[in-house]
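What follows is each chain in one-letter form.
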Amino acid sequence: MTDRLHYGTTAKIFHWLIVALLFVQYPVGWLMPDIHRGMKPGDAMTLHISFGILILMLIVLRLFWRITHPVAPESSLPPWQRLTSEAVHWLLYALVLAVTVTGWLFASFRGWPVSFFFLAPLPMLSSESASAGRTIDGWHQAAGWALFVVIAIHVLAAMAHIFIYRDRIMQRMLP
Ligand code: HEM
Ligand code: HEM
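Residues numbered from 1 in each chain as written. Chains lettered and ligands numbered in written order. Predicted model: local features only at pLDDT ≥ 70, side-chain atom pairs only at ≥ 80, totals over all residues. Heavy atoms only, no water.

Protein coordination of the iron atom of ligand 1 is provided by His48 (NE2) and His140 (NE2), with donor distances spanning 2.0 Å. For the iron atom of ligand 1, the 6 donor atoms are set out with angles of 88 to 179 degrees between them, so the coordination reads as octahedral. With His48 in helix H2 (residues 43-68) and His140 in helix H4 (residues 130-165), this pair connects stretches of sequence that are 92 residues apart. Across the pair, His140 and His48 agree in class, each one buried. (Donors = N, O, S within 2.8 Å, 3.2 Å for Na, K, Ca; no water. Tetrahedral: all angles 85-135°; square planar, octahedral: opposite > 155°, others 65-115°. Helix = DSSP H or I, 4+ residues; strand = E, 2+ residues; numbered from the N terminus. Buried < 20%, exposed > 50% of the residue type's maximum accessible area, 1.4 Å probe, protein only.)

Once that is clear, we can look at helix H3 (residues 79-110). Here H3 contains 32 residues, and its C-alpha end-to-end distance of 47 Å stays within 8% of the 46 Å for a straight helix at 1.5 Å per residue. After H3 finishes, the residue Gly111 shows a positive phi value of roughly 70 degrees. (Expected span 1.5 Å × (residues − 1).)

Attention now goes to a nonpolar patch on the surface. Where nonpolar side chains cluster on the molecular surface, the patch consists of Trp80, Val155, Met159, Ile162, Phe163, Ile164 and Tyr165 and spans about 730 Å² of accessible area. Broken down by element, the residue count for the nonpolar patch peaks at 6 residues, all from H4. By secondary structure assignment, the location of Phe163 is in helix H4. According to the relative accessible area criterion, Phe163 is exposed, its value standing at 56%. (Patch = residues over 30% accessible without salt bridge, like charges linked within 9 Å, V, L, I, M, F, W, Y side chains within 5 Å. Areas by Shrake-Rupley, 256 points an atom, 1.4 Å probe, with all protein chains shown as cover. Salt bridge = Lys/Arg side-chain N within 4 Å of Asp/Glu carboxyl O.)

Of note, Gln81 is situated in helix H3. With near-sequence residues (within four places) excluded, Gln81 lies in contact with His161 and Tyr165. (Contact = heavy atoms within 4.5 Å.)

The next thing to look at is the coordination of the iron atom of ligand 2. In an ideal octahedron of six donors the angles at the metal are 90 or 180 degrees, and in an ideal tetrahedron of four donors they are 109.5 degrees. Every protein donor of the iron atom of ligand 2 is listed here as His15 (NE2) and His154 (NE2), and their distances to the metal cover 2.0 Å. Taken together, the 6 donor atoms coordinating the iron atom of ligand 2 span angles of 88 to 179 degrees at the metal, a pattern that classifies the geometry as octahedral. Taken together, the positions of His15 in helix H1 (residues 9-31) and His154 in helix H4 put the pair 139 residues apart, joining distant regions of the chain. A residue is classified by how much of its surface remains accessible, and His154, at 24% relative accessible area, is partly exposed.

None of this, on its own, says anything about what the molecule does.
The following block contains the structure:
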């Protein structure tokens, strides 16, 4: 398959939809009440879990789209920027998967009855286990922070292309 030179409309919609959802997801994650022994998930937690599962579904679809519709890095970039941008992009996919799957596992180990946007019960991935829950909670938080740092690097790189290099990299992801 020959690589396309530009991102198509579908890739752009996936990109900006996931950006918007992450923009909601982090504040909800930080602001929702801390969990403690025996508690049941409140509305903020149900929303966090539902947005998280939606992000998981979108990133899986997007990854499938990315693999079936590969896009070549901008040819004017120096080789080190082509390599590092590709690496950061794959890392972003991997970390979104890691955060969402650890979150879902954590909710499963707590044995919570959770719904997807208050509409239908969410299937759980495992049976209840308090000790596994504690471990995976740490992983969810670590993966969340790692994703946050890599997003910051990605956004700073985009800003560098707008304000320092003054090239057309940002235009590749705009309508
Ligand atoms: C990309 C998607 C996600 C992001 C960015 C994210 C981010 C976060 C953040 C920032 C917190 C707060 C951690 C803290 O207190 O320091 C959190 C907690 C939590 N998340 Fe997620 N999350 C995501 C997806 C999910 C999913 C899919 C689920 C479950 C299906 C989930 C379940 C939870 C639970 C149960 C907590 C509470 C853990 C605690 O307070 O220690 N998350 N998440
Ligand atoms: C304001 C925030 C953001 C800006 C300005 C931005 C900008 C861009 C730009 C310009 C590209 C195209 C780079 C190229 O030409 O190769 C891109 C690609 C990409 N961005 Fe972002 N981005 C932002 C947020 C995010 C976030 C939060 C994620 C988290 C998942 C993300 C994930 C990706 C991925 C995975 C690609 C590569 C697409 C592919 O090749 O499949 N971006 N972004």
